Amino acid sequence: MGLAAALAYATTLLIRIPIFGFLTYDPKDVIIVLAGFVIGPLAACATAVLVAALEMPISGTGPIGFVMNAAASCTFVGIATLIYWRTKTLKGVLIGVAAGGLAMVAVMLLLNYVLTPLYLGVSREQVVALMLPVLLPFNLIKGGVNAILILVWYKPFLMGLRAARLIDEEQVDEKKD
């Protein structure tokens, strides 16, 4: 968990890609999901919350940003790893990241509706006007990029852990793929 949190935090420091104004993409959830395939969904969610707390000072978004960041990561990470832990196959990865990404979009649209007026000091109507042209595409892009990166790194990640003898065949069973 500690190693996953450190790597996820480091990627947040090093890789921040602006998408729409104050909305930036960082690949921390990719690392947390990959770690979650080994450490489990609950530990992965705890890691996501820890990284969101560590990120708060550098993001400058304060407590509201922390809540939104933690909620986005926990939703994506929690669902993706929970589904994977039930099947432990590439199909489980595919279904998990798709379901996690869609759930994250839904949760973030709701949280943006509720919290963004407080964060930005704008009216709820102004936030609603941003939903389709900005907030929905941003969250779809974030979920999609995370899913693609997880799918690219899934097999090499597991092979590396096996080669280093950090996991065995029974911990992560990809033979069903």
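Residues numbered from 1 in each chain as written. Predicted model: local features only at pLDDT ≥ 70, side-chain atom pairs only at ≥ 80, totals over all residues. Heavy atoms only, no water.

## A closer look at the overall build of the protein
Then step 1. For the protein, the count of helices and strands is six helices and two strands.
Then step 2. Scanning the protein from its N terminus toward the C terminus, one meets helices and strands in the order α-β-β-α-α-α-α-α.
Then step 3. At 16 Å, the protein has a C-alpha radius of gyration in line with the 16 Å of a compact globule built from 177 residues.
Then step 4. Along the longest, intermediate and shortest principal axes, the C-alpha atoms of the protein span 55 × 30 × 25 Å.
Then step 5. The proportion of buried residues among the 177 residues of the protein is 44%.
Then step 6. Total accessible area on the protein is roughly 8700 Å²; 74% of this is exposed by carbon and sulfur atoms.
Then step 7. In the protein, which carries 12 positive and 10 negative side-chain charges, the distance between the mean positions of the two groups comes to 2 Å. (Helix = DSSP H or I, 4+ residues; strand = E, 2+ residues; numbered from the N terminus. Rg over C-alpha atoms; globule rule 2.2 N^0.38 Å. Buried < 20%, exposed > 50% of the residue type's maximum accessible area, 1.4 Å probe, protein only. Areas by Shrake-Rupley, 256 points an atom, 1.4 Å probe, with all protein chains shown as cover. Lys, Arg positive; Asp, Glu negative; His and termini not counted. Charge placed at Lys NZ, Arg CZ, Asp CG, Glu CD.)

## Comments concerning the packing of aromatic side chains
Then step 1. All told, the structure shown has three aromatic pairs when counted by the stated rule.
Then step 2. Relative to Tyr154, the ring of Phe37 has its centre 5.9 Å away and its plane inclined at 90 degrees; by these criteria the two rings are edge-to-face. Residue Phe37 is found in helix 2 (residues 28–39), and its partner Tyr154 is found in helix 6 (residues 124–163); the two are separated by 117 residues along the sequence.
Then step 3. Centre to centre, the rings of Tyr84 and Tyr154 are 5.9 Å apart; their planes meet at 75 degrees, and the pair counts as edge-to-face. Within this pair, whereas Tyr84 is found in helix 4 (residues 62–87), its partner Tyr154 is found in helix 6, the two being separated by 70 residues in sequence. (Phe/Tyr/Trp six-rings, centres within 6.5 Å; stacked < 30°, edge-to-face > 60°.)

## Focus on unusual backbone geometry
Then step 1. Look at Lys88: it is not a glycine, yet its phi comes out positive at around 50 degrees.
Then step 2. Overall, the relative accessible area of 16% leaves Lys88 in the buried class.

## Thoughts on the pattern of salt bridges
Oppositely charged side chains can pair when the atoms bearing their charge come close.
Then step 1. Per the counting criterion, the structure on display carries four salt bridges.
Then step 2. Close ionic contact of Arg16 with Asp26 constitutes a salt bridge, the shortest N to O distance being 4.0 Å. With a gap of ten residues between them, Arg16 in the loop between helix 1 (2–14) and strand 1 (17–20) and Asp26 in the loop between strand 2 (23–25) and helix 2 connect regions that are remote in the sequence.
Then step 3. Exposure remark for Arg16: the relative accessible area of 33% places this residue in the partly exposed category.
Then step 4. Judged by its relative accessible area of 6%, Asp26 is buried.
Then step 5. In this structure, a network of salt bridges that share partners links the residues Arg16, Asp26, Lys28 and Glu55. (Salt bridge = Lys/Arg side-chain N within 4 Å of Asp/Glu carboxyl O.)

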